[in-house]
Amino acid sequence: MRFSLIKREPSFFFENMHEDLQRFLKDTFGDIEPSDSNMPMIRNFRPAVEISETKECYNIKVELPCVKKENISLALTPDNVMISAESKFEKNNENGEEKADIKYSEFRYGKFSRNIRLEHPVRLEDADSEFKDGVLYINLKKVEPKNEEVKKIDIK
């Protein structure tokens with residue numbers, strides 16, 4: 001039996017590593033956009049979500065620190081919840097005075113959008129939400145499942 005050697009460049013094994021690493025970092029930390037040196041990084045982020053379910057309803061909590069109520073959008077279909085929000089870096093404080101230069105920040109600023117697929121349909125007219133202490137609370141009542149009749153079909 002004869003074997004032949006195939007000459008490969010050392011970079012052959014690392015060609016996709018850069019793309020894989022970029023995908024991993026994006027999935028973990030979100031999209032990072034360059035910014036001025038005295039401002040925190042702007043990134044798309046994925047806030048923590050908690051979904052609890054009973055026989056009658058879904059209760060969803062979304063952690064949105066540093067997000068103002070007017071920057072939150074919530075849309076609902078019978079089987080899907082769409083949440084989007086934006087946390088903006090403010091250069092001025094409440095009095096309109098310019099803030100001091102930030103030397104280090106772990107706060108996340110940027111946009112986020114999230115779709116939550118529901119297993120059971122919900123009643124749109126009974127949906128309720130509240131934003132309190134940096135947490136968005138969403139309460140959705142399930143639609144009673146219909147007992148579908150089984151229709152027997154004669155084969156011809």
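Parameters and conventions
- Residues numbered from 1 in each chain as written.
- Predicted model: local features only at pLDDT ≥ 70, side-chain atom pairs only at ≥ 80, totals over all residues.
- Heavy atoms only, no water.
- Pairing = 2+ DSSP bridges.
- Helix = DSSP H or I, 4+ residues; strand = E, 2+ residues; numbered from the N terminus.
- Salt bridge = Lys/Arg side-chain N within 4 Å of Asp/Glu carboxyl O.
- Buried < 20%, exposed > 50% of the residue type's maximum accessible area, 1.4 Å probe, protein only.
- Axes fitted to C-alpha atoms, helices over the stretch in contact; angles between N-to-C directions.

J.: Could you clarify how one ought to interpret the pairing of strand S5 (residues 72-77) in this entry?
T.: As a general feature of sheets, a regular strand has side chains that alternate between the two faces. Alignment of S5 against strand S6 (residues 80-87), held across six bridges, turns out to be antiparallel. Note that in S6 the partner of Ala-75 across the bridge is Met-82.

J.: Explain the pattern of salt bridges here, please?
T.: Any two side chains of opposite charge can pair, so long as their charged atoms come close to each other. As enumerated under the stated definition, the model contains four salt bridges in all. Here Glu-53 makes a salt bridge to Lys-142, at a shortest N to O gap of 2.5 Å. Taken as a pair, Glu-53 in strand S3 (residues 49-53) and Lys-142 in the segment after strand S9 (135-141) lie far apart in primary sequence, 89 residues in all. Given a relative accessible area of 9%, Lys-142 falls into the buried group.

J.: Can you help me understand the sheet that holds strand S8 (residues 128-132) in this one?
T.: In a beta sheet, neighbouring strands are held together by backbone hydrogen bonds and run either parallel or antiparallel to one another. Strand order in this open sheet of four strands is S3-S4-S9-S8, and the pairing throughout is antiparallel. Of all the strands in the sheet, just S3 and S8 have a single pairing partner and so form its edges. Neighbour-to-neighbour, the strand axes of this sheet turn through a mean angle of 15°, independent of strand direction. Pairing geometry for S8 and S9, over five bridges, is antiparallel.

J.: Explanation requested: the pairing of strand S7 (residues 110-117) in the structure shown.
T.: Only one face of S7 is covered, namely the face carrying Gly-110, Phe-112, Arg-114 and Ile-116; the face carrying Lys-111, Ser-113, Asn-115 and Arg-117 is uncovered. As defined by bridge partners, S6 adjoins S7 across eight bridges and the pair is classed as antiparallel. Along S7, the bridge assignment pairs Ser-84 with Ser-113.

J.: Any chance you could explain the sheet that holds S5 here in plain terms?
T.: One open sheet holds the three strands; their spatial order is S5-S6-S7, and the pairing between them is antiparallel. Bordering the open sheet on either side are S5 and S7, each of which pairs with just one other strand. Recorded for the sheet is a direction-independent mean angle of 10° between the axes of neighbouring strands.

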